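Structural characterization, general
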Amino acid sequence: CRFPAAARCPGLPGSRYRSPESLLDCAAKAVAEKWAFERVEERFERIPEPVQRRIVYWSFPRNEKEICMYSSFQSVGTGDGLPFRRGIRLLETGCVENVLQVGFHLSGTVTEPATSSEPEVTHKVAISFDRCKITSVTCGCGNRDIFYCAHVVALSLYRIRKPEQVKLRLPISETLFQMNRDQLQKLVQYLITAHHTEVLPTAQKLADEILSSNSEINQVHGAPDPTAGASIDDDNCWHLDEDQVREQVKQFLSQGGYYGSGKQLNSMFAKVREMLRMRDSNGARMLTLITEQFMADPRLSLWRQQGTGMTDKCRQLWDELGALWVCVVLNPHCKSEEKSGWLKQLKKWGDMDVCPLEDGNYGSELPNITNALPQSNLAQDSLSRPRRTVFSRAVEACDLHWQDSHLQRIISSDFYMSPSYQREGESLLFNPQGLPLWLDHVPTACARVDALRSHGYSREALRLAVAIINTLRLQQQRQMDIYKHQKKELLQRGVTSTTNLEGWVGHPLDPIGCLFITLTETCRSTHSDPRPPVYAHVPVWGSPDSGESYLTLALEVALMGMGQQRIMPEGLYAQDKVCRNEEQIVAKLQELELDDLLVQTLRKQAVQLLEAGPFSGLGEVIHRESVPMHTFAKYLFSALLPHDADLAYKVALRAMRLPVLESSAGSGDVGHPHHGISIVPSRYPRWFTLGHLESQQCELASTMLTAAKGDMLRLRTVLEAIQKNIHSSSLIFKLAQDAFKIATPADNPPDITLLNVALELGLQVMRMTLSTLNWRRREMVRWLVTCATEVGLRALVSILQSWYTLFTPTEATSIVAATVMSHNTILRLSLDYPQREELASCARTLALQCAMKDPQNCALSALTLCEKDHIAFETAYQIVIDAASTGMTYSQLFTIARYMEHRGYPLRSFKLASLAMTHLNLAYNQDTHPAINDVLWACALSHSLGKNELAAIIPLVVKSVHCATVLSDILRRCTMTAPGLAGIPGRRNSGKLMSTDKAPLRQLLDATISAYINTTHSRLTHISPRHYGEFIEFLSKARVTFLLAQDGHIQFDQFIDNLKQIYKGKKKLMMLVRERFG
């Protein structure tokens, strides 16, 4: 019999092969692993020393993986900073010395080499062990952590790798037994001498008690021996520092998901799974400690009081906690008393008020873990639903057992089949091919698979997974048969009420993910880098189909699960979990390198999903509130496209629908007001993830557009699907931009077919957003013009001619027509003269139509666009004049008037300025009004045109402006120069300054003086002392204006006297008036 060199033998170190173990070693290994040494001693009156030595020898752990498990978070110690890797380094560099094994106690020294900042340090390490498990550790480094320090690792690995170099002694009690009285006394005295400062007080105390006949120590037979191993009643488990577990979990939770604490907690969950896989009882123990700290988290009561939900990261941690408990209680070989203890603890936690619910703030409508029948009433009152916590499924799992004989046969044999003579007719246990089925609630059945896998029964997990997939296949076939009989009726109705209330994707137990991982794990290459994984086909054991592998089964079950038609669950978290789980499964699918076998599976399953009717999310008829298939279909499309383009497009186009919006989406833009809560509760369900789902729908459409580039027929089909199914203008605009970008590569000529699709999508966006508010509207309009320019002249002419269905008048004139008529556009299109004229004519027609429709906002743009065509310009001007009396404001008219002056039409400018003045009203205290500059400009224009124009505008000024300072400014300007300096052809200019005593300035002067008088009285009504100085300056300006009149000084003196009389109560102010004006 030959063995690999890796299996070392104490007698033959380093040999390639070893001779068979002795019967003594075989027996000692078995006893050392299973029996406490105390039981061995009780069973046999006398145990020969060689036998004792071999039992003690084989009692130390033999597997380095177990040491690694307790010294690092990762199952494989790869990081250099991990205690396991550091321990190996210390061992390999010869830092472990003085190793001694006394019975079940190992001791030694480990020296940490000196570094640039630390001197060399030697640590004493002691390890107790029992039945191949380390039961306690002590190290001089004072390590306080969940895991063993590097020094404990180094000593443990020294004992595993170099057992022949370790001095081995029997338990100290055996050695003492061999000594006579003198030897014992000598030993004690030498021990006290060597350690007198530490041992002497204890030695004296023990001596006193032994000498006292009534002492407690004399009532007990024998004496304790720390090197003799554990007693029969002691738990046989690895050393785990419970206080440190509690402390670290508490610390990670207190950080609230920051500083990588979420990652650390996930690592702790992974460690629990690793322990379960090694069938280590500490897995459940560690999970209990973690759960206790989770339940003690002070944020739970805070969230409950405030009625706020926990964060997503926190929620995911609780989900994993619940799933782990399901795994623990489903341990196929746990004792009934263990399960009872777990059930009691789980119920206690579940009954606490702060215990998180399974699906956030909503009660669950999902069937429980032991019931495969869906509940009939979807609209069940939430108050009547049972309270389901994150532990409910684990509590329910406690009722499950593994005693079913059919189940036992499934998991214990690859070749369990029904006899061929029993395969006729229906069977609940086997399919028509004789392969076993497991008819259980699917998530429950998958929870069993996860439990088997998690507890290290990977072969058994695979067998059950295959049976579940065979069951799902049979169900799928039967569903398709049912649909064939109902197809005509369902297609006529166009909708179905048939769907699954409980979806497998997003389920708390993650059934599809569990099956996929179980099946792919056995196909994963162990020599490959973990990222990305490399898979190879492994034939299914016992399968009659030679082409079937665990990898093809994994792909098939993932496609079946993802394609399942299911109702969108209630609640934000449950809906978010559906999306997240779907993306996780797709990410795993994308790791598979599709070969012929996998492509065959992919095609077959895609066809079945398309033909499965209401049982598939890709069937012809689906429920209105069915979870959309966009993410899934995008994967299918990309995977199928190189192999079967027709099938790829068929799947993707079928998946484009989003029926929850179709019944309520009108012709306008539904946009995104419905991203969470419905506006019309009776029509919109509460789809909190609707925004995400719509963006996934958009991604699917974009993927198809990219793939269909250059194929006019496919592009047209995709375009129709987009126009029919996407109801968000923002997303259609994104698609239009994507199509435009793909159609216009930097280095190659544009793709006209895709450009036209981009333009059509852009036009649809314009129509959808024309009558609704959208903050990106201006960007959308500019983009459309750019796109139409790329398409060509006909596209520009088309949007100009049909502007009223696409743009507002303002957009049409100020953005569209102005951009189209710009020099850059003409150059970009390389237009000849007739083409330029055609474009200009369309732009002018548009401008006039817009000016008629909205003169206030479009008149100026219309005039600008019509400048080069006399008739059009005159028409635009007339539109302005007609609209001036009713629909236009003074600021709009002033702007157009200034434009007219700039273009060399002073008389038209004057006319428009006069019309603007009629709409203006400037109160006495509005001396900073924005229209003041316009008034001054209008008066300056009139003055420059001549006396007649000035005479015409002054009455309008007097009527509209009541602010004294503005009037005096106008008056001053009019008296500085002679009127008519503009030099209008055919007019004579006298060149004389105008007098304020004659019309039209006399009227203006009187109005100004009157305004000063009125303003003075108004200001004095509510004046405060801090404004006295400002008021005196105002009176000084008034005097300047008064003095322009012939009797101005008399009027001003009378005005001042009146003020003194009327406001004599304001003594301080009147004193200042006298000082300045007498």
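Residues numbered from 1 in each chain as written. Predicted model: local features only at pLDDT ≥ 70, side-chain atom pairs only at ≥ 80, totals over all residues. Heavy atoms only, no water.

Overview of the overall build of the protein
A count of helical and extended segments in the protein gives 46 helices and 5 strands. By sequence separation, contacts in the protein at least 24 residues apart represent 70% of the contacts at least 6 residues apart. Accessible area of the protein: about 53,200 Å², with a carbon and sulfur share of 52%. (Helix = DSSP H or I, 4+ residues; strand = E, 2+ residues; numbered from the N terminus. Contact = heavy atoms within 4.5 Å. Areas by Shrake-Rupley, 256 points an atom, 1.4 Å probe, with all protein chains shown as cover.)

Considerations on the pairing of strand β4 (residues 133-139)
Successive side chains on a regular strand alternate, one facing one side of the sheet and the next facing the other. As defined by bridge partners, strand β3 (residues 121-130) adjoins β4 across 6 bridges and the pair is classed as antiparallel. Its bridge partner lying in β4, Val-125 is registered against Cys-139. Hairpin connection of β3 to β4: 2 residues between the antiparallel strands, including Arg-131 at a positive phi of 50°. (Pairing = 2+ DSSP bridges.)

Thoughts on the pattern of salt bridges
According to the stated counting rule, one finds 51 salt bridges in the structure shown. As a salt-bridge pair, Glu-242 and Arg-246 come within 3.4 Å of each other at their nearest N and O atoms. In this pair, Glu-242 and Arg-246 are both assigned in helix α10 (residues 242-254), 4 residues apart and thus about one turn of the helix distant. In the salt-bridge network here, residues are joined through shared partners; they are Glu-242, Asp-243, Arg-246, Arg-285 and Glu-292. (Salt bridge = Lys/Arg side-chain N within 4 Å of Asp/Glu carboxyl O.)

Things to note about helix α8 (residues 181-194)
With 14 residues, α8 extends 20 Å between its outermost C-alpha atoms, agreeing within 8% with the 20 Å of an ideal straight helix rising 1.5 Å per residue. Two to three positions downstream of the cap, the backbone nitrogen of Asp-182 sits 3.2 Å from a side-chain oxygen, assigning the N-cap of α8 to Asn-180. (Expected span 1.5 Å × (residues − 1). Polar contact = N/O pair within 3.5 Å; in protein donor to acceptor, adjacent residues only side chain to side chain.)

Some thoughts on the side chain of Gln-697
Note on placement: Gln-697 falls in helix α27 (residues 690-707). Excluding residues that lie within four positions of it along the chain, Gln-697 makes contacts with His-630, Met-656, Arg-657, Leu-658, Asn-725 and Ile-726.

A few points about the packing of helix α19 (residues 458-493) against helix α23 (residues 596-611)
Here α19 crosses α23 at 40°, and the two axes come no closer than 10 Å. Between α19 and α23 the crossing geometry is left-handed. In contact with Gln-476, Gln-477, Met-480 and Tyr-483 of α19, α23 contributes Gln-605, Gln-608, Leu-609 and Glu-611. Among the residues forming the contact of α19 with α23, the class breakdown is 3 nonpolar, 4 polar and 1 charged. (Axes fitted to C-alpha atoms, helices over the stretch in contact; angles between N-to-C directions. Left-handed = near helix turned anticlockwise from the far one by under 90°. Nonpolar A, V, L, I, M, F, W, Y, C, P; charged D, E, K, R; others polar.)

Structural notes on a nonpolar patch on the surface
A contiguous nonpolar patch, built from Ile-172, Leu-176, Leu-184 and Leu-187 and spanning about 270 Å² of accessible area, is present on the exposed surface. Turning to its location among the elements, Leu-187 is positioned in helix α8. Given a relative accessible area of 36%, Leu-187 falls into the partly exposed group. (Patch = residues over 30% accessible without salt bridge, like charges linked within 9 Å, V, L, I, M, F, W, Y side chains within 5 Å. Buried < 20%, exposed > 50% of the residue type's maximum accessible area, 1.4 Å probe, protein only.)

A closer look at the pairing of β3
For β3, a buried count of 7 out of 10 residues is recorded, marking the element as mostly surrounded by other parts of the structure. Pairing of strand β2 (residues 105-112) with β3 involves 8 bridges; the strand directions are antiparallel. What sits directly across from Glu-112, in β3, is Val-121.

With respect to the environment of Ala-818
Mapped onto the elements of the fold, Ala-818 is located in helix α33 (residues 809-820). Distance from Ala-818 to Thr-864, taken between C-alpha atoms, is 9.0 Å for residues 46 residues apart in sequence. Not counting residues within four places of it along the chain, the set of residues in contact with Ala-818 comprises Thr-813 and Leu-865.

Side note on the packing of helix α18 (residues 442-454) against α19
Taken N-terminus to C-terminus, the directions of α18 and α19 make an angle of 160°; their axes are 7 Å apart at the nearest point. Between α18 and α19, the interaxial angle falls into the category roughly antiparallel. Seen from above, α18 lies across α19 with left-handed handedness. When α18 is examined against α19, the residues Val-442, Ala-445, Cys-446, Arg-448, Val-449, Leu-452 and Arg-453 are found in contact with a partner set consisting of Ser-458, Glu-460, Ala-461, Leu-464, Ala-465, Ile-468 and Leu-472. (Parallel < 35°, antiparallel > 145°, perpendicular 65-115°, else oblique.)

Some thoughts on the sheet that holds strand β5 (residues 167-169)
Hydrogen bonds between backbone atoms are what pair the strands of a sheet, whose relative direction is either parallel or antiparallel. One open sheet holds the 5 strands; their spatial order is β4-β3-β2-β1-β5, and the pairing between them is mixed. The strands lining the two open edges of the sheet, one partner per strand, are β4 and β5. For this sheet the average axis-to-axis angle between neighbouring strands, irrespective of direction, equals 20°. Strand direction decides the pairing type here: strand β1 (residues 96-102) and β5, joined by 3 bridges, are parallel. Across the sheet, the residue bridging to Gln-101 is Leu-168, located in β5.

Concerning the packing of aromatic side chains
Under the counting rule described, the total for this entry stands at 20 aromatic pairs. Between Trp-349 and Phe-391, the ring centres sit 5.6 Å apart and the planes meet at 40°, which makes this aromatic pair tilted. Pair noted here: Trp-349 is in helix α15 (residues 336-351) and Phe-391 is in the loop between α15 and α16 (392-397), with a separation of 42 residues, a long-range link. Overall, the relative accessible area of 4% leaves Trp-349 in the buried class. Among the residues examined, Phe-391 registers a relative accessible area of 0% and is labelled buried. Grouping aromatic residues by their ring pairs yields a cluster made of Phe-269, Phe-294, Trp-318, Trp-325, Trp-349 and Phe-391. Here Arg-279 stacks its cationic end above the ring of Tyr-457, 3.8 Å away from the centre of that ring. Positioned above the aromatic ring of Tyr-877 is the side chain of Arg-908, whose terminal nitrogen or guanidinium carbon lies 4.5 Å from the ring centre. (Phe/Tyr/Trp six-rings, centres within 6.5 Å; stacked < 30°, edge-to-face > 60°. Lys NZ or Arg CZ within 6 Å of the ring centre and 35° of its normal.)

A word on helix α24 (residues 630-640)
The element α24 is extensively covered by neighbouring structure, given that 9 of its 11 residues are classed as buried. Considered for burial, the residues of α24 that qualify are His-630, Thr-631, Phe-632, Ala-633, Tyr-635, Leu-636, Phe-637, Ala-639 and Leu-640. Along its buried surface, α24 packs onto α21 (550-562), α22 (572-590), α23, α25 (645-655) and α27.

Focus: the environment of Arg-686
With respect to the helices and strands, Arg-686 occurs in the loop between α26 (659-662) and α27. Arg-686 sits in the partly exposed class, given a relative accessible area of 41%. The sequence separation of Arg-686 and Gly-571 amounts to 115 residues, and the corresponding C-alpha distance is 7.7 Å.

Brief notes about unusual backbone geometry
With phi around 65°, Cys-132 is a residue other than glycine that occupies positive phi space. Position of Cys-132 among the secondary structure elements: in the loop between β3 and β4. On the accessibility criterion, Cys-132 (9% relative accessible area) is buried. With phi around 50°, Ser-830 is a residue other than glycine that occupies positive phi space. With respect to the helices, strands and loops of the structure, Ser-830 is situated in the loop between α34 (823-829) and α35 (833-853).

Observations regarding the confidence of the model for the protein
For the protein, mean pLDDT is 84; residues scoring 70 or higher make up 89% of the total. Segment residues 1-15 is flagged for pLDDT under 50; beyond a separation of four residues in sequence, or across chains, it makes 19 contacts in the model. (pLDDT = per-residue confidence, 0-100.)

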